[in-house]
Amino acid sequence: MKPYKILKHQNPKPFILMPHQRFLFSALSSSTSDRSQYPSSEISPDILVESARSSQWHFIKHLSPNLDSSLISTALFNLHKTPELALQFTSHVEFHRLDIKTRCLAIAVASRLPSPKPTLNLLKRTVSSDIAGVAVIFDELALARERLGISTTILFDLLIKACCEMKRVDEGLECFYMMKDKGFIPKIETCNALLSTFLKLNRTESAWVLYAEMFKMRIKSSMYTFNIMINVLCKEGKLKKAKDFIGFMENLGVNPNVVTYNTIIHAYCSRGRIEGARLVLNAMRSKGIQPDSYSYSSLISGICKDKRLEEASEMFEKMKEMGLVPSAVTYNILIDGYCNEGDLGKAFHYRDEMVEQGISPTVSTYNMLVHALFMECKMDEADNLVKEMGEKGLAPDQITYSILINGYSRCGNVKKAFSFHDEMLTKGIQPTRITYTSLIYALSKRNRMTEADNLFEKIMKKGVAVDVIMFNALIDGHCANGNMERAFSLLKEMDKLNVPPDDVTYNTLMQGHCREGRVEEARELLDEMKQRGIKPDHVSYNTLISGYSRRGDMKDALRVRDEMLSTGFNPTLLTYNALIQGFCHNQEGDIAEELLKEMISKGITPDDSTYLSLIEGMGNIDQSVESCNSC
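Residues numbered from 1 in each chain as written. Predicted model: local features only at pLDDT ≥ 70, side-chain atom pairs only at ≥ 80, totals over all residues. Heavy atoms only, no water.

A closer look at the overall build of the chain
Point 1. Looking only at helices and strands, one finds 36 helices and zero strands in the chain.
Point 2. For a compact globule of 631 residues, the expected C-alpha radius of gyration is about 25 Å, and the chain comes in at 37 Å, more than 25% above that figure.
Point 3. Counting only C-alpha atoms and orienting by the principal axes, one finds that the chain spans roughly 150 × 70 × 65 Å.
Point 4. When each of the 631 residues of the chain is scored for burial, the buried share is 47%.
Point 5. For the chain, the share of sequence-separated contacts (at least 6 apart) that also reach a separation of at least 24 residues comes to 61%.
Point 6. Working note: accessible area of the chain is about 32600 Å², and carbon and sulfur atoms make up 52% of it.
Point 7. A distance of 12 Å separates the average location of the 76 positive side-chain charges in the chain from that of its 78 negative side-chain charges. (Helix = DSSP H or I, 4+ residues; strand = E, 2+ residues; numbered from the N terminus. Rg over C-alpha atoms; globule rule 2.2 N^0.38 Å. Buried < 20%, exposed > 50% of the residue type's maximum accessible area, 1.4 Å probe, protein only. Contact = heavy atoms within 4.5 Å. Areas by Shrake-Rupley, 256 points an atom, 1.4 Å probe, with all protein chains shown as cover. Lys, Arg positive; Asp, Glu negative; His and termini not counted. Charge placed at Lys NZ, Arg CZ, Asp CG, Glu CD.)

A word on the UniProt feature "domain: Pentatricopeptide repeat-containing protein-mitochondrial" (unreviewed entry) in the chain
Point 1. Annotation from UniProt places "domain: Pentatricopeptide repeat-containing protein-mitochondrial" (unreviewed entry) at residues 389-493.
Point 2. Measuring from the first to the last C-alpha atom of residues 389-493 gives 41 Å, for a span that is 75% helix and 0% strand. (UniProt positions renumbered as here; feature names shortened; annotations may be inferred.)

Notes on the environment of leucine 159
Point 1. Mapped onto the elements of the fold, leucine 159 is located in helix 10 (residues 154-165).
Point 2. When near neighbours in sequence (up to four residues on either side) are disregarded, leucine 159 contacts Leu123, Val127, Val134, Ile137, Phe138, Leu141 and Cys175.

With respect to helix 26 (residues 433-445)
Point 1. Taking 1.5 Å of rise per residue, 13 residues should cover 18 Å, and helix 26 covers 18 Å from first to last C-alpha, within 8% of that figure.
Point 2. Within the span of helix 26, buried status applies to Thr435, Tyr436, Thr437, Ser438, Leu439, Ile440, Ala442, Leu443 and Ser444.
Point 3. In this fold, the buried residues of helix 26 make contact with helix 24 (398-410), helix 25 (414-426), helix 27 (449-462) and helix 28 (468-480).
Point 4. Of the residues trailing helix 26, asparagine 447 is marked for its positive phi of about 60°. (Expected span 1.5 Å × (residues − 1).)

Notes on the packing of aromatic side chains
Point 1. By the definition in use, this model includes 18 aromatic pairs.
Point 2. The ring of phenylalanine 95 carries the charged tip of arginine 103 above its face, separated from the ring centre by 5.3 Å.
Point 3. Just above the ring of tyrosine 441 sits the side chain of arginine 410; from NZ or CZ to the centre is 3.7 Å. (Phe/Tyr/Trp six-rings, centres within 6.5 Å; stacked < 30°, edge-to-face > 60°. Lys NZ or Arg CZ within 6 Å of the ring centre and 35° of its normal.)

Some words on the packing of helix 12 (residues 188-200) against helix 14 (residues 223-235)
Point 1. Closest axis-to-axis distance for the helix 12/helix 14 pair is 10 Å, and the angle between their directions is 15°. For the element pair helix 12 / helix 14, the angle class is roughly parallel. As for how helix 12 packs across helix 14, the hand of that crossing is left-handed. Residues Ile188, Asn192, Leu195, Ser196, Leu199 and Lys200 of helix 12 form the contact with helix 14, whose participating residues are Tyr224, Thr225, Ile228, Met229, Asn231, Val232 and Lys235.
Point 2. Along the lines of polarity and charge, the residues of the contact of helix 12 with helix 14 split into seven nonpolar, four polar and two charged. (Axes fitted to C-alpha atoms, helices over the stretch in contact; angles between N-to-C directions. Parallel < 35°, antiparallel > 145°, perpendicular 65-115°, else oblique. Left-handed = near helix turned anticlockwise from the far one by under 90°. Nonpolar A, V, L, I, M, F, W, Y, C, P; charged D, E, K, R; others polar.)

A word on the pattern of salt bridges
Point 1. Taken as a whole and judged by the stated rule, the model has 40 salt bridges.
Point 2. Its salt-bridge partner being glutamate 594, residue lysine 597 comes within 3.9 Å of it at the nearest N-O pair. Residue lysine 597 and its partner glutamate 594 are both found in helix 35 (residues 589-601); the two are separated by three residues, about one turn of the helix.
Point 3. Residues participating in the shared-partner salt-bridge network are Glu275, Arg278, Asp306, Arg308 and Glu311. (Salt bridge = Lys/Arg side-chain N within 4 Å of Asp/Glu carboxyl O.)

Section: the confidence of the model for the chain
Point 1. Counting all residues, the mean pLDDT for the chain is 87, and 91% of those residues have values of 70 or more.
Point 2. Within the model, the stretch residues 1-37 combines pLDDT values under 50 with 30 contacts to residues more than four positions away or in other chains.
Point 3. Per-residue pLDDT stays below 50 along residues 621-631; that stretch engages in three contacts with residues further than four places along the chain or on separate chains. (pLDDT = per-residue confidence, 0-100.)

Describing the environment of serine 601
Point 1. Within the fold, serine 601 resides in helix 35.
Point 2. Under the relative-accessibility criterion, serine 601 is labelled exposed at 60%.
Point 3. With 63 residues separating them in the primary sequence, serine 601 and histidine 538 have C-alpha atoms 20 Å apart.

Details of the layout of surface pockets
Point 1. Within this model, the largest pocket holds a volume of roughly 300 Å³.
Point 2. Along the wall of the largest pocket there are 15 residues; nearest its centre are Asp157, Lys161, Glu189, Thr190 and Ala193.
Point 3. Listing elements by their share of the lining of the largest pocket, those giving two or more residues are helix 10 and helix 12.
Point 4. The dominant element in the lining of the largest pocket, judged by the number of residues it contributes, is helix 12, at seven residues. (1 Å grid on protein atoms, 1.4 Å probe; cavity = no way out; pocket = protein on both sides within 12 Å on 5 of 7 lines; lining within 4 Å. Points joined across faces, edges and corners; volume = space filled by probe spheres on them.)

Some remarks on helix 20 (residues 328-340)
Point 1. Its 13 residues give helix 20 an end-to-end C-alpha distance of 18 Å, which sits within 8% of 18 Å, the value for a rise of 1.5 Å per residue.
Point 2. Burial runs high along helix 20: ten of the 13 residues are buried.
Point 3. Among the residues making up helix 20, those that are buried are Ala328, Thr330, Tyr331, Asn332, Ile333, Leu334, Ile335, Gly337, Tyr338 and Cys339.
Point 4. Considering only its buried residues, helix 20 is in contact with helix 18 (293-305), helix 19 (309-321), helix 21 (344-356) and helix 22 (363-375).
Point 5. Directly after helix 20, the chain includes glycine 342, whose backbone phi takes a positive value near 80°.

Here's the deal with the environment of arginine 278
Point 1. Tracing the backbone through its elements, the reader meets arginine 278 in helix 17 (residues 274-286).
Point 2. Given the relative accessible area of 23%, arginine 278 is considered partly exposed.
Point 3. Sequence separation between arginine 278 and isoleucine 265 is 13 residues; the distance between their C-alpha atoms is 7.8 Å.

Considering unusual backbone geometry
Point 1. Located in the positive-phi region is asparagine 202, a residue other than glycine, with phi close to 65°.
Point 2. On the secondary structure map, asparagine 202 appears in the loop between helix 12 and helix 13 (204-216).

Examining the side chain of aspartate 537
Point 1. Tracing the chain through its elements places aspartate 537 in the loop between helix 31 (519-531) and helix 32 (538-551).
Point 2. One buried charged side chain, aspartate 537, makes no salt bridge at all; its nearest oppositely charged neighbour is lysine 535, positioned 10 Å away.
Point 3. Separated by 3.1 Å, the side chains of aspartate 537 and asparagine 507 make a polar contact.
Point 4. Residues in contact with aspartate 537, not counting those within four places in the same chain, are Asp503, Asn507 and Phe569. (Polar contact = N/O pair within 3.5 Å; in protein donor to acceptor, adjacent residues only side chain to side chain.)

What to know about the nonpolar core
If you look at soluble globular proteins, the nonpolar side chains tend to sit buried side by side.
Point 1. Core analysis: the biggest nonpolar cluster contains 197 residues, and Phe89, Leu141, Phe176 and Ile300 have the highest contact counts within it.
Point 2. Not counting chain neighbours up to four residues away, the residues in contact with phenylalanine 89 comprise Leu48, Ala52, Trp57, Ile60, Ile72, Ala75, Leu76 and Leu79. (Core = buried A, V, L, I, M, F, W, Y, C linked by side-chain atoms within 4.5 Å.)

Notes on the side chain of glutamate 563
Point 1. On the secondary structure map, glutamate 563 appears in helix 33 (residues 554-566).
Point 2. Setting aside its immediate chain neighbours within four residues, glutamate 563 contacts Arg523, Leu526, Lys530 and Tyr541.

Section: the state of the cysteines
Point 1. Tallied over the full model, the rule gives zero disulfides.
Point 2. A disulfide-free cysteine, cysteine 234 has its sulfur positioned 11 Å from the sulfur of cysteine 269, the nearest such atom. (Disulfide = S-S within 2.5 Å.)

Re the packing of helix 15 (residues 239-251) against helix 16 (residues 258-270)
Point 1. At a minimum axis distance of 10 Å, the contact between helix 15 and helix 16 shows a crossing angle of 170°. Comparing their axes, helix 16 and helix 15 come out roughly antiparallel. Residues Leu239, Lys240, Ala242, Lys243, Ile246 and Met249 of helix 15 pack against Thr260, Tyr261, Ile264, Ala267 and Tyr268 of helix 16.
Point 2. A class-by-class count of the residues in the contact of helix 15 with helix 16 yields eight nonpolar, one polar and two charged.

Listed below in structure tokens is the structure:
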């Protein structure tokens, strides 16, 4: 066994700290409260750079309140060849506290990263902070670009894209023209971002102005550009021009794709022009482009809106036979169509089929089915479906709650309607105007007008934009409860808030007056609505006819009937019932019988109310004859 070797003592080499390390060691060994006391004169850019390179982020963060812009700017410049490190450094020196020049330098350094996301994020923060206008930001980015020797236009392109993503498209367009003035050509992707944003904001004219400018600058359009402009034409309703635009594309050597044709097919279908959509589909096939699921979904949607559900179902089967896999959207289109027609059996059939195909029903699927069940007052089934949603892990959304609240309001269950209102607030889901209208309607139908008024005031204070439908629900409640003074005060409030009343508003007020026997005042309202440019409908005229008939003023009732005919409205069952009832009460049974014959000849089937009026009228005539004979 070998003895242990005893090593002689060796003197260690002295450990020498570099200047930045001495400062760092001193700072880190100080108390936390002292670290922020170091004057900026003792901190050099080298110290910041070396601290970043050694990942001393905690130290940099504590020093940040004492770092001036020139220090940070120099450090960023020295880190520009390592943009990942520079970005980390930027995040620890409180970006929001930097001046515009330093911010733009940080953005320029970040633009060297492979991904544009960090640069876009910093640009959005800068634009939204309102530290400077986009013109100033553009100029500062130009200076930072020169300082770093960046040869591309990426900074300006990303600035425009950031503006577009923030829906500040006019500022993006301003940057576009600044690029042009400096002799820079924006990338086609940048131009597409502007065009697409104009399209989303429905500013089609602005899109055409920009497109013309692109042409002048000889910016070559991509397939995506052409598809956007075809979409612009479709949004403007210029469907023939949209089809012609395909020829323009082809002349420029760009062949349309499935998206191009789908855009036009969707536009035709959304306007109910199904045959036109079929022609586009055939043209698409003739070019060797196969329709996809979206092509057929658009057609199925258009056919469903036209209430040709059997034809829609046949096209759906044909689509599957072609090997195209329907999406949840396609199934939802059919479910919605059958729900609207009240065919719940077929609607649930498609729901079950989509589940069998491994396609999960969406919140929209459940919303449509729940709404349809409420329309048929199948409350228990609707409740079960909502429970099923929860079991499937689907959270009710704003529309779900609106449907539930509206459904229970219509069925008179105010308590349950308000419980869902409270539940949606608890979950942080804001009620919509439709939600509040349903609650006001429910309270009004239960004669709880004080609560309805209080809720309306609460809505106003919340800043919810009230509309004519909400006012009409409240006016109807007050008219039904005989409070015409409050009803008319609401009409004045509508004028103050620039909410134009409609025919429903005036019909409701007219009905309120007629209930109280004040038919002349109701007649004045008919004239007032005409002065406002609101066209009376058959309800307006029937309301007056009914009012005069109940009072026995049959000459005035017939005069309104003639006025109704002269404006192009044919008498309805309600018109005849009101007149027959009036003549019967006036013991003019012969005229009532003539009216009965007239309504039958016009294809209007009498109902129980018609015959009841005639029977009561004949009874009154018999009593009158008996009393005369006894005299």
